[in-house]
Amino acid sequence: MSRSVKRGPPSTIVIKLGTSSIVHEETHQPLLSILSAVVETVISLRSHGHKVVLVSSGAIGVGLRTMDIPQRPKSLSKKQALAAIGQGRLIALWDNLFGQFDQRTAQVLLTRGDISDRTRYLNAVNTLNELLSMGVVPIVNENDTISVSEIKFGDNDTLSAITSSMIHADYLFLLTDVDGLYTSNPRKDPSAKKLDVVISVAAIRAQVSTSTLGSSLGTGGMETKLIAAEIATGAGVTTVIASSKQPSVIVDIIDYYAALKSTSVPTSGAVSPTAPQNLNQVDLDEVAASLSWPRPPHTVFKPALIPMRDLKAWTSHTLYPAGSVVIDSGAHAVLSRRESGGRLLPAGVLGVRGSFASGQAVRILVHRRTEGVPVEAKEVAQMPYSNVAATTPCTPVLEPGASVTASVTSLVPLSRSGSSASLSDDMISDSQTITDDEIPLIEKTDECEIWDCVEVGRGLANYNSAQISRVRGLNSARIAQLLGYADTEYVVENITIRMSA
Ligand SMILES: Nc1ncnc2c1ncn2[C@@H]1O[C@H](COP(=O)(O)OP(=O)(O)O)[C@@H](O)[C@H]1O
Ligand SMILES: N[C@@H](CCC(=O)OP(=O)(O)O)C(=O)O
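Residues numbered from 1 in each chain as written. Chains lettered and ligands numbered in written order. Predicted model: local features only at pLDDT ≥ 70, side-chain atom pairs only at ≥ 80, totals over all residues. Heavy atoms only, no water.

Asks: Could you give an account of the overall build of the protein, naming the residues involved and the relevant values?
Replies: Each helix and strand in the protein was counted, giving 15 helices and 16 strands. Across the 501 residues in the protein, those meeting the buried criterion constitute 55%. Look at the contacts in the protein between residues 6 or more apart in sequence, and 79% of them connect residues 24 or more apart. On the protein, roughly 20700 Å² of surface is accessible, and the fraction owed to carbon and sulfur atoms is 51%. (Helix = DSSP H or I, 4+ residues; strand = E, 2+ residues; numbered from the N terminus. Buried < 20%, exposed > 50% of the residue type's maximum accessible area, 1.4 Å probe, protein only. Contact = heavy atoms within 4.5 Å. Areas by Shrake-Rupley, 256 points an atom, 1.4 Å probe, with all protein chains shown as cover.)

In structure tokens form, the structure reads like this:
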């Protein structure tokens, strides 16, 4: 942007660069011009006082080139081996490029399993913050070598969103081979239109198709970017999808929003000290019209006005749930209200699934009637969680002794139709059989009704699975009678309910 710029306050910025921007899709040679331009952009941002974290994919891509293997293998162990081979070279490449500007870097490799433990999570947060205050650029990737589905982020879009939530970043930039979110895949549909501003990911889902993937190297295509945007904006992080072909667009975008924020409070042309800090408070269309600057190409996702508390964000997005608590629709309605405080009383519990200990994370499943609509087609909820979208047919009525198979599709994205046909081999589908004990006891009402259980949120269990099963459906006064103690009247706390579920 070639105008005199009144810069905004220093920000914390997470930049995620996908494989398609790091290595050539066919030759797997490193895209040095992009990498160098990213480094120059990071140096420029640092010189403006910003703190920057880089989330870099590309370990497997670099490994493919090192071993002269033409295609990304299907087997997990081969991919893990290639990541181990490529990661060293990848970090050496980054360190070399940053070294030209005397910029120090640090390698941070994470798995979801690592940060599922609250203490280890806080250690990772402290390390990242310490690195940033030392003026170092942390370069984050998933520790692919040891990641299996239970402890995997699954894709670096999600990892970057969780990283930005961990360090309370102001911005998350998802740099990729397209310059924003389109109504459908612009590689396949020439009539696809770019969206400039997204206020709510849940609200725009019906307007966009993300079911087709991009390059043969990327993981998840646009769907995982939407999930990442939902996680990051929920944590108060302004999220941007922009093209990696011109990384300096990041500087333009940050300056652009600093100008919009300062313009949004009319104070006879001066930057107001009371200019809004959260982009959510700015009517972008109105203010942009009054600003004569050209809009840099990108899609912005506005951050939540009231960000999720750190503990809730951790519970919702970081923890791998050990089991599930099935609730009725009345309890779901109560939990959807802010006044509920995200706490569940036993009266609304229909049953539990899986074995979990007190203190572990659990899925909250709501049990509801689908009125004859096939479950698989209707209810593939697009959860803002990176690794599980669960929909469980419970047809028609659950009784003790019945056997039910819960189909739990791991590693979203799922296409809107629920079909996994277009998904890459990374999106593994597991099946998990629920035993008799785990089936919620539900009154038999109508043989023709079809029931399903849909994940609507996550929380932390205050009692173990057997205990919650014993007190299900009862007044909380019965907890002490039945369990011999009652630390709390709530069976699950810190519940985050997805409002669009
Ligand atoms: N609605 C959409 N808008 C934009 N891109 C889309 C859309 N649906 C699918 N895509 C595809 O997503 C790709 C980007 O995802 P991906 O290949 O995983 O990139 P990365 O490696 O950068 O993470 C684009 O190249 C595009 O083909
Ligand atoms: N951790 C993997 C990248 C996984 C991933 O999400 O890739 P991408 O979709 O290209 O960002 C690697 O370094 O190869």
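Further notes follow.
Asks: Quick one: what's the story with the site of ligand 2, residue by residue and with numbers?
Replies: Around ligand 2 lies a shell of 13 residues, among which Lys16, Thr19, Ser57, Asn156 and Thr219 are the nearest. Measuring from an oxygen atom of ligand 2, one finds a side-chain N or O atom of Thr19 at 2.6 Å. Asn156 is positioned such that a nitrogen or oxygen atom in its backbone is 2.7 Å from an oxygen atom of ligand 2. Considered on its own, ligand 2 offers 390 Å² of accessible surface; in the complex 96% of this is hidden by protein. Taken together, the residues that form the shell around ligand 2 break down as two nonpolar, eight polar and three charged. (Near = heavy atom within 4 Å. Polar contact = N/O pair within 3.5 Å; in protein donor to acceptor, adjacent residues only side chain to side chain. Nonpolar A, V, L, I, M, F, W, Y, C, P; charged D, E, K, R; others polar.)

Asks: Go over the site of ligand 1, please, and point to the residues and values.
Replies: Taken together, 24 residues sit near ligand 1, with Thr176, Asp177, Tyr182, Asn185 and Lys225 positioned nearest. Between ligand 1 and Thr19, the relevant distance is 3.4 Å, taken from an oxygen atom to a main-chain nitrogen or oxygen of the residue. The side chain of Ser20 places a nitrogen or oxygen atom 3.2 Å from an oxygen atom of ligand 1. Coverage of ligand 1 by the protein chains reaches 99% of its 580 Å² of free accessible surface. Ranked by residue count, the leading element in the shell around ligand 1 is helix 8 (residues 221–234), at three residues. Here the shell around ligand 1 is built from residues that sort into five nonpolar, 15 polar and four charged.

Asks: Lay out the pattern of salt bridges with the relevant residues and their values.
Replies: Two side chains with opposite charge may pair up if their charged atoms get near one another. Counting across every chain of the model gives eight salt bridges. Of the charged contacts in the structure, one is a salt bridge between Lys225 and Asp157, with a shortest N-O distance of 3.1 Å. Taken as a pair, Lys225 in helix 8 and Asp157 in helix 6 (residues 156–166) lie far apart in primary sequence, 68 residues in all. Across the pair Arg363 and Glu455 runs a salt bridge, and its minimum N-O distance is 3.4 Å. One end of the pair, Arg363, is in strand 11 (residues 361–369); the other, Glu455, is in strand 15 (residues 451–461), and 92 residues separate them in sequence. Accessibility assignment for this pair places Arg363 and Glu455 in one class, buried. (Salt bridge = Lys/Arg side-chain N within 4 Å of Asp/Glu carboxyl O.)

Asks: Account for the environment of Val454, with residues named and values stated.
Replies: In this structure, Val454 sits in strand 15. As a C-alpha pair, Val454 and Val366 span 88 residues in sequence and 5.4 Å in three-dimensional space.

Asks: Now, about the environment of Gln467: what can you tell me, with residues and values included?
Replies: Topologically, Gln467 is positioned in helix 14 (residues 465–471). The class of Gln467 is buried, set by a relative accessible area of 18%. As a C-alpha pair, Gln467 and Leu483 span 16 residues in sequence and 6.9 Å in three-dimensional space.

Asks: Summarise the packing of aromatic side chains; cite the residues concerned and give the values.
Replies: On inspection of all chains with the given rule, the structure shows four aromatic pairs. Both rings, one in Trp94 and one in Phe98, keep their centres 6.1 Å apart while their planes meet at 35°; by these two values the pair is tilted. Taken together, the residues Trp94 and Phe98, both in helix 3 (residues 76–99) and four residues apart, mark about one turn of the helix. Summarising the burial analysis for this pair, Trp94 and Phe98 share the class buried. Between Tyr463 and Tyr485 the ring centres are 5.7 Å apart and the planes differ by 50°, which places this aromatic pair in the tilted class. (Phe/Tyr/Trp six-rings, centres within 6.5 Å; stacked < 30°, edge-to-face > 60°.)

Asks: Lay out helix 2 (residues 59–66) with the relevant residues and their values.
Replies: Among the eight residues in helix 2, six count as buried, and that is most of the element. Ala59, Ile60, Gly61, Val62, Gly63 and Leu64 are the residues of helix 2 that are buried. In the segment just after helix 2, Asp68 is the residue with positive phi, at about 55°.

Asks: How would you summarise the sheet that holds strand 3 (residues 105–110) if you had to cite specific residues and measurements?
Replies: Across the sheet, eight strands lie side by side as 3-4-2-1-5-7-8-6; this open sheet has mixed pairing. Pairing within the sheet leaves two strands with one partner each, and these edge strands are strand 3 and strand 6 (197–198). Across three bridges, strand 7 (residues 238–243) lies against strand 8 (residues 299–301) in antiparallel orientation. Following the sheet pairing, Thr239 is matched in strand 8 by Phe301. Helix 3 contacts strand 1 (12–17), strand 2 (51–56), strand 3 and strand 4 (137–142) of the sheet and is inclined by roughly 160° relative to strand 4. Packed on one face of the sheet, helix 6 meets strand 1, strand 2, strand 3, strand 4 and strand 5 (171–176) and runs near 135° to strand 4. (Pairing = 2+ DSSP bridges. Axes fitted to C-alpha atoms, helices over the stretch in contact; angles between N-to-C directions.)

All we've got here are geometric facts, nothing functional implied.
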